[in-house]
Amino acid sequence: MTGQNYIDGQWRKGGSVTETINPSDLNETVGRYADATLSMAEEALDAARRALPGWRASNIQARSDLLRKVGDALMSEAQSIGALLAREEGKTLAEAVGETVRAAQVFHYYAGEALRHPGQWYPSLRDGLNVVVSYEPVGVVSAITPWNFPIAIPAWKTAAALAYGNTVVLKPSEFAPGCAVRLTEILEQAGLPKGVFNLVMGDGRALGPTLISGADAVSFTGSTPTGRKVLEQAAPTMTKVQLELGGKNPFVVLDDADLDTAVSAAAQGAWGQTGQRCTGSERIIVTRRIHDAFVERMMQAARELRVGHALDADTQIGPVATQPQFAKNLAAFASAREEGAELAFGGTPIEGRTDGLYLAPALFLNTSNAMRLNREEVFGPVGAIIKVEDLDEAIAVANDCELALSSGIATTNLSHAEKFRRASKAGVVTVNTPTAGVDYHVPFGGRPPSGFGGREQGQGAAEFFTEIKTSYVNHGVM
Ligand code: NDP
């Protein structure tokens, strides 16, 4: 796979080249991608600005048809894009194909939303006037995305931005830009006018300031520390900012939980997709009477998980995506042990049939909410059990964390579920299902510092990708 930047309808070489390595096999180079220079990022923003008047005025049926075409192409190429994703990011093939299908569905959804463009009409307080509230495109949008959902996140930012009449400059993660290149090819083939969508690749720290100050809005997904920098960089120009950031999500298991449901949801939430989901369940809060039985079943679930090459049919957990993340996970586990957490399972590198970044899913016992392990996002395959007395203590522990993205509970008691749902400070709450895994037709996001500046997906996206205009019309008819 090779990839270039896409600026004003032209594929362009950059200043240097970044290679990506297959985390399932460190001897395999997956792609070579041209890094954009700063002046190329400026050119991309200029192209997006020139294309804006035409795109925002474009016929909504034509806009919708184009987005549908992109969704159709993603759907029909889901296997090949999924295979590229699995090789570059390390997600299992099933997870990667599923993510590509999700990207296609997102384009289909926003093809419909382009036609349901919001707006309201009010009678005025003053006789002879109407009030029209319309939603206009925010303008040129810079979309900056992470490596862990390299097709879904670029898709949900791009599809929503385009549907509401904005033009886009996308900067994917340098660790996994291949899917963004494929998405760009599909957008080009679908007939998107030049300049409406642009792709620039390379180091986010270098390109970030230009992409932020030169855009009308920045939709960013990544870690909370980087998100804070983006917010600071946006302040001088008051660029509108949407941040989807890290999580340290609690999953509560009550004495009255169905054990099968609780174990399945906790295991999937903690270790699924190698734990590399912002909505993963890293903190598992368990009440005293079910604790031992739950732990025994979690150990069994961990033992049964097959970690291996992302493309092997029987693999359930792929490798860690990058070498820096692999080192970060091991350092976090070592620090957790120093703090007194008991590593009951996994947490160590394992041999695979290839030279990959394989890590046995980790289960820590006897942890407390005061430990760093339970306060800072690890972003790896880890679950840490915190034993509590009852629902009230579970709620207190769940909410005692700076990050507030998602939270979940396993219980068969409706009142307990409702009490938790109301008390949780997270932006997403789940009952008897993992804290990870979201629908595209409803708003998604966390509360600060897990999220900032409005929700993504569903109709929530209109809030960020449009600006409200309130018009008073004196028509003179009494
Ligand atoms: P990073 O924050 O490291 O990077 C995210 C993107 O920002 C990358 O494209 C990166 O570029 C770019 N970037 C880096 N520095 C800057 C800067 N100073 N200014 C502007 N852009 C910059 O996150 P990761 O890629 O490591 O992704 C993992 C993180 O993403 C986790 O914390 C996870 O929780 C979070 N996440 C949140 C989600 C949510 O919806 N809440 C969903 C998915 C992930 P480069 O290519 O150089 O790395």
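Residues numbered from 1 in each chain as written. Predicted model: local features only at pLDDT ≥ 70, side-chain atom pairs only at ≥ 80, totals over all residues. Heavy atoms only, no water.

Caption draft 1: Representation of the sheet that holds strand 18 (residues 406-410). Pairing is mixed across the open sheet formed by 7 strands, whose spatial order is 15-16-17-14-13-18-19. Across the chains shown, the open sheet's two edge strands, defined by having one partner strand only, are strand 15 (342-345) and strand 19 (428-431). If you compare each strand with its neighbour and ignore which way they point, the axes differ by 25° on average. The sheet contact formed by strand 13 (residues 250-253) and strand 14 (residues 283-287) spans 4 bridges and is parallel. Within the sheet, the bridge partner assigned to Val-252 lies in strand 14 and is Ile-285. (Pairing = 2+ DSSP bridges. Helix = DSSP H or I, 4+ residues; strand = E, 2+ residues; numbered from the N terminus. Axes fitted to C-alpha atoms, helices over the stretch in contact; angles between N-to-C directions.)

Caption draft 2: Region of interest: the pairing of strand 14. Burial within strand 14 is extensive, with 5 of its 5 residues counted as buried. Residues Arg-283, Ile-285 and Thr-287 of strand 14 are buried on one face, and the alternating residues Ile-284 and Val-286, pointing to the opposite face, are buried as well. Two elements, strand 14 and strand 17 (residues 382-388), share 5 bridges in a ladder whose sense is parallel. Looking at the pairing, Val-286 lines up with Lys-387 of strand 17. (Buried < 20%, exposed > 50% of the residue type's maximum accessible area, 1.4 Å probe, protein only.)

Caption draft 3: Local environment of a nonpolar patch on the surface. Taken together, the side chains of Trp-121, Val-132 and Val-473 make up a nonpolar region of the molecular surface, amounting to roughly 270 Å² of accessible area. Inspection of the secondary structure assignment puts Val-473 in strand 21 (residues 466-474). Overall, Val-473 belongs to the partly exposed group, its relative accessible area being 38%. (Patch = residues over 30% accessible without salt bridge, like charges linked within 9 Å, V, L, I, M, F, W, Y side chains within 5 Å. Areas by Shrake-Rupley, 256 points an atom, 1.4 Å probe, with all protein chains shown as cover. Salt bridge = Lys/Arg side-chain N within 4 Å of Asp/Glu carboxyl O.)

Caption draft 4: Geometry of the environment of Ile-468. Structurally, the position occupied by Ile-468 is in strand 21. Of the residues examined, Ile-468 reaches a relative accessible area of 52% and is grouped as exposed.

Caption draft 5: Looking closely at the pattern of salt bridges. Applying the stated criterion across every chain yields a total of 25 salt bridges. Linking Glu-418 and Arg-421 is a salt bridge whose minimum nitrogen-to-oxygen distance equals 2.9 Å. Taken together, the residues Glu-418 and Arg-421, both in helix 13 (residues 414-423) and 3 residues apart, mark about one turn of the helix. Salt bridges sharing common partners tie together Arg-56, Glu-136 and Lys-469.

Caption draft 6: Geometry of the site of the ligand. Surveying the vicinity of the ligand reveals 30 residues, the closest of which are Thr-145, Glu-174, Gly-204, Leu-245 and Glu-377. Contact between the ligand and Gly-222: an oxygen atom at 3.3 Å from a main-chain N or O atom of the residue. A distance of 2.8 Å separates an oxygen atom of the ligand from a polar atom in the side chain of Thr-226. For the ligand, the protein covers 91% of the area, taking 910 Å² as the surface of the free molecule. When residues of the shell around the ligand are traced back to their parent elements, those giving at least two are helix 7 (204-213), strand 11 (217-221) and helix 8 (224-234). Considered class by class, the residues forming the shell around the ligand number 12 nonpolar, 12 polar and 6 charged. (Near = heavy atom within 4 Å. Polar contact = N/O pair within 3.5 Å; in protein donor to acceptor, adjacent residues only side chain to side chain. Nonpolar A, V, L, I, M, F, W, Y, C, P; charged D, E, K, R; others polar.)

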